Amino acid sequence: MPDIWKGRPLPDCGLAYTDLHYRLYDERTGQVLSINSTNSLAAVAADVLRTQREHPDAVVVAVEYDGPAWT
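Quick notes on the rules
- Residues numbered from 1 in each chain as written.
- Predicted model: local features only at pLDDT ≥ 70, side-chain atom pairs only at ≥ 80, totals over all residues.
- Heavy atoms only, no water.
- Helix = DSSP H or I, 4+ residues; strand = E, 2+ residues; numbered from the N terminus.
- Salt bridge = Lys/Arg side-chain N within 4 Å of Asp/Glu carboxyl O.
- Buried < 20%, exposed > 50% of the residue type's maximum accessible area, 1.4 Å probe, protein only.
- Polar contact = N/O pair within 3.5 Å; in protein donor to acceptor, adjacent residues only side chain to side chain.
- Patch = residues over 30% accessible without salt bridge, like charges linked within 9 Å, V, L, I, M, F, W, Y side chains within 5 Å.
- Areas by Shrake-Rupley, 256 points an atom, 1.4 Å probe, with all protein chains shown as cover.

Undergrad: Describe in detail unusual backbone geometry, supporting the description with residues and values.
TA: Positive phi, close to 55°, is recorded for Lys6, a residue that is not glycine. Summarising the element assignment, Lys6 is placed in the loop between β1 (4-5) and β2 (8-9).

Now the structure itself:
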């Protein structure tokens, strides 16, 4: 059964695997809160949620880089 969006079937798509290199910042202070590389968008989302719990006053912003985020 295809995925449905707004009552219409979506075409079948293959999963894309790519490396995501990112840093999480506090937008207000510019402080780096997390650095990571992954191939899972779910891992990025989990990191954002964890970082927000650890820094409840921060405005967490993710910035993607074209290479390892720790260099």
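Undergrad: Which residues make up the pattern of salt bridges, and what values do they have?
TA: Under the counting rule described, the total for this entry stands at three salt bridges. The partner of Glu54 in a salt bridge is Arg50, with the nearest N and O atoms 3.0 Å apart. Placement of the pair is Glu54 and Arg50 together in helix α1 (residues 41-54), with a separation of four residues, close to one helical turn. Looking at Glu54, the relative accessible area reads 49%, which means it is partly exposed. Here the salt bridges do not stand alone but share partners, grouping Asp47, Arg50 and Glu54 into one network.

Undergrad: Requested: an account of the environment of His21, with residues and values cited.
TA: Locating His21 in the fold gives a position in strand β3 (residues 20-26). Spatially, the C-alpha atom of His21 lies 5.3 Å from that of Tyr65, the residues being 44 residues apart in sequence. Within the structure, His21 has its side chain in polar contact with the side chain of Ser37 (distance 2.6 Å).

Undergrad: Quick rundown of a nonpolar patch on the surface? Include the residues and the values.
TA: On the surface, Val32, Ile35 and Trp70 cluster together into a nonpolar patch covering about 310 Å² of accessible area. Along the polypeptide, Ile35 turns up in strand β4 (residues 32-38). Residue classification places Ile35 among the partly exposed positions, given a relative accessible area of 42%.

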